[in-house]
Amino acid sequence: MSKFVRASKYRHVFGQAGKREYGYDNVKVSNSAWDTNIISASARYISINWSASGGGAFAILPVPTPFCQALHDVPSKLPDIIPLARTHTAPVLDTAWSPANDTLVASASEDGTCLLWKVPDGLFDDWTSDGWEPRDLDPVERVEVSPRKVGQVLWHPTAANVLATASGDYCVRLWDLADPARPRVTLTGHGDTIQSLAFNMTGSTVATTCRDRKLRLFDARASGDPVRITDGHGGIKGARVVWMGDGDRIATTGFSKMSDRQVGIWETGGLANVKTITLDQSAGVVMPFWSDNGILFLAGKGDGNIRYYEYESDTLYALAEHKTAEPQRGMCFLPRRALDVSGCEIARAFKVANSGVEPIAFIVPRKSDSFQSDIYPPALSSEPSLTAAEFFAGKTAPVNLVSLEHGVVFASDNVPSRGPPPVTVASMVVSTAPAPELTITNSPPTATPTATKSAPVPSITSPQGMNSPDSLESPPAVPQHVRSLDEVNTALQEEVNRLKSELRDARQKMRNLELQVEGLKANARKVAQALMEM
């Protein structure tokens, strides 16, 4: 056994559950046996599948915080009757919030439809006042998906108003909500019920898990069969999939043939299994959640525990486990752009129990009050990179990110340095002409020293380690070789950044071409089979 401990800034992450009054109680969670997360969150609201008579419904509530009681008129213990989104004629199975609009939510139902809802202003006003009467919400758009039930709904990560649905006819459909009369893309080839789906970061590829125990990859713009397919987990019980950031790895959870719960890592080039870990032998479906900190959270239905692992070099390193006595029925995570960075909160989960919603903050213990840039990589922004028309026309754009320190939005190809900003040192030459500046990179911010004739300055050491004999008599000039080296370093860094950007673009083009080739091969096989059957 090694005596060395692996260095990790997330090694001491711990989960902190909010007080009971910080969450919601008297929540009437849906009794549907369909396997989804039950709850979904935007930066401002959460949606919960609700148990209601006369059709399907879900509730919309303000996002709770684990640190204090939220400042709104919604009480911690909800009234018996609250405003609901209840136009569906059968139980609501899944909801999803738009990444580009924190007030727009989509719902999927057993009635074969997908409805869009807009949270109106003032929805949560006067809930605690006398004479308050709840008013149900009305949908703003209706999508007729399938004669069978719609089990999952998911928004595109970079294109505005693009929605994906998975239905009981074993198809995934992509919709342009500007024209919801027909799907723009239909992904087929599933042999049984679709259990989960996930986009990669740019939205060009879709991964699905299915009850036929297959893992599939699709070109998100090409209707038809998958471009890659492989055997997934051996058990028939619920399997989930999540894309691991902007890389070429996906994570799945499922069951072995012996009903052991597992988590697997797969590379998307050939859908080869990189690693599979056995978790335990519990019966609940494991819900995976990926954080851009490089952490994979695993929450099992029926468990009271949340495991979390740090992913590095195709290995999952166990960090810790948040344990509670009350089992969870569902869970979701808050978008990272809405986290409390002042409290070193790197993730926030919303746990659905039998009759309540509990916020749980995952915190890195730090004493400093300043922004901790090493634990806060840029988060996904709410600004889309593409329009729906551009996406379906074949354009691919990097996802827009936002700095959690400054709030600056930028494309993921232009990620700013996470280190401290360059420090500009003023020239120490006293002359009538402005002296060139010396830029020192990768150094902590320092004061700007300025020399005058009345105050001598420290001498500058030459490359041989000797001080100039006249250095204390007059202000020294910045050596020419220092300036030239700095200019060379700057030019080299710019060239490295340019080459990295070109390499990322080339890799993305290679992936797209591979998907197109696989799609052509699949179509050719279908044509050949049809000709043989004639």
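Here the residue numbers are simple positions, counted from 1 along each chain's written sequence. This being a predicted model, a pLDDT of at least 70 is required before a residue's local features are given, and a value of 80 or more before pairs of side-chain atoms are given or counted; all residues contribute to the totals for chains, interfaces and linings. The side-chain figures draw on all heavy atoms in the structure; neither hydrogens nor water molecules are used.

A. The arrangement of the overall build of the protein in detail. Working definition: helices are DSSP H or I runs of at least four residues, strands are E runs of at least two. Numbering for both runs from the N terminus. Within the protein, the regular secondary structure consists of two helices and 34 strands. Here the protein, with 534 residues, has 47% of them falling under the buried criterion. Long-range contacts, defined here as pairs at least 24 residues apart, represent 54% of the contacts in the protein between residues at least 6 apart. Categorising residues by exposure relies on relative accessible area from a 1.4 Å probe, with only protein chains included: less than 20% of the type maximum marks a residue as buried, more than 50% marks it as exposed, and the intermediate range marks it as partly exposed. Here, residues are in contact when the closest pair of their heavy atoms is within 4.5 Å.

B. View of the packing of aromatic side chains. Stacked, tilted and edge-to-face are the three classes applied to pairs of Phe, Tyr and Trp rings, where Trp contributes its six-membered ring and a pair requires centres within 6.5 Å; stacked means planes under 30 degrees apart, edge-to-face means over 60, and tilted covers the rest. Enumeration according to the criterion identifies 14 aromatic pairs in this entry. Three or more aromatic residues link up through ring pairs in this structure, and these residues are Y45, W97, F124, W127 and W132. To sit over a ring, a charge needs its Lys NZ or Arg CZ within 6 Å of the ring centre and within 35 degrees of the ring normal. Over the ring of Y317 we find R6, and its NZ or CZ is 3.9 Å from the ring centre. Above the plane of the ring of F255 lies K237, whose end atom (NZ or CZ) is 4.5 Å from the centre.

C. The environment of Q508, seen in detail. Positionally, Q508 belongs in helix α2 (residues 480-533). As a C-alpha pair, Q508 and T202 span 306 residues in sequence and 9.6 Å in three-dimensional space. Apart from the residues within four sequence positions on either side, Q508 is in contact with T202, S204 and T396.

D. Here's a closer look at the sheet that holds strand β12 (residues 162-167). Strands were regarded as paired on the criterion that DSSP finds at least two bridges between them. Pairing in this open sheet of four strands is antiparallel, and the strands run β11-β12-β13-β14 from one edge to the other. Of all strands in the sheet, those bounded by a partner on one side alone are β11 (150-155) and β14 (185-187). Averaged over neighbouring strand pairs, the angle between their axes works out to 20° when direction is ignored. Relative to β12, β11 runs antiparallel, the two sharing five bridges. Note on β12: the bridge partner recorded for W155 is L163. Fitted lines through C-alpha atoms serve as axes, helices being fitted only where they are in contact, and the angles separating the N-to-C directions of these axes extend from 0 to 180 degrees.

E. Molecular detail of unusual backbone geometry. If you check the backbone angles, D126 has positive phi at about 65° while not being a glycine. Note that D126 resides in the loop between β9 (113-118) and β10 (141-144). Owing to a relative accessible area of 45%, D126 belongs among the partly exposed residues under this scheme. One non-glycine residue, S259, lies in the positive phi region at around 65°.

F. A look at the pairing of β9. Summarising burial for β9: five of the six residues are buried, a large majority. Inspection of the sheet shows strand β8 (residues 104-109) paired to β9 by five bridges, in the antiparallel sense. Bridge pairing links A108 to C114 in β9. The pairing of β9 with β10 spans four bridges and is antiparallel.

G. Here's a closer look at the pattern of salt bridges. Salt bridge, as applied in this entry: a Lys or Arg side-chain nitrogen positioned within 4 Å of an Asp or Glu carboxyl oxygen. By the definition in use, this model includes 24 salt bridges. The partner of D102 in a salt bridge is R337, and the shortest N-O contact between them spans 2.8 Å. Of this pair, D102 sits in the loop between β7 (92-97) and β8 while R337 is found in the loop between β27 (330-333) and β28 (345-352), placing the two residues 235 residues apart along the sequence. We classify D102 as buried; its relative accessible area is 15%. Under the relative-accessibility criterion, R337 is labelled partly exposed at 24%. The closest approach of N and O atoms between R348 and E345, which form a salt bridge, is 2.7 Å. We note that R348, like E345, is buried. The structure contains a network of salt bridges with shared partners spanning R261, D280, D303 and R307.

H. Quick peek at the environment of H322. With respect to the helices and strands, the residue H322 is situated in strand β26 (residues 315-323). Taking the C-alpha atoms as reference, H322 lies 9.7 Å from A299; in sequence the two are 23 residues apart. Sequence-distant contacts of H322, defined by excluding residues within four places in its chain, comprise G15, A17, G304, N305, I306, Y308, I360 and F362.

I. A look at the nonpolar core. If you look at the biggest cluster of nonpolar residues, it comprises 37 residues, and the most contacted ones within it are I46, I60, L78, F350 and V357. Looking at this core, the elements with two or more residues in it are β3 (39-41), β4 (45-50), β5 (57-62), β6 (84-85), β7, β9 and β28. The element that contributes the greatest number of residues to this core is β5, accounting for five residues. Discounting chain neighbours no more than four positions away, the residues touching I60 are Y45, I46, W97, V105, V119, F124 and L137. What is meant by a nonpolar core is a set of buried Ala, Val, Leu, Ile, Met, Phe, Trp, Tyr and Cys residues, joined one to another through side-chain atoms within 4.5 Å.

J. A look at the sheet that holds β5. Overall, antiparallel pairing links the four strands, which are arranged β3-β4-β5-β6 in an open sheet. The sheet terminates laterally at β3 and β6, the two strands that pair on one side only. By the bridge criterion, two bridges tie β5 to β6 in an arrangement that is antiparallel. Paired with F58 across the two strands is A85, which belongs to β6.

K. Up close: the side chain of T205. In this structure, T205 sits in strand β16 (residues 205-210). The class of T205 is buried, set by a relative accessible area of 7%. If near-sequence neighbours (up to four positions away) are discounted, T205 is found in contact with A198, F199, N200, L217, F218, A220, W243 and L515.

L. A look at the confidence of the model for the protein. Looking at any residue, its pLDDT shows the predictor's confidence there, from 0 to 100. Across the protein, the average pLDDT comes to 85, with 85% of residues at 70 or higher. Below pLDDT 50 for its whole length, residues 415-483 participates in 60 contacts with residues either more than four positions away or in separate chains.

M. How the structure looks around the environment of V185. Looking at the element boundaries, V185 is found in strand β14. With 36 residues separating them in the primary sequence, V185 and R221 have C-alpha atoms 6.2 Å apart. With near-sequence residues (within four places) excluded, V185 lies in contact with V172, R173, L174, A220, R221, A222, S223 and F392.

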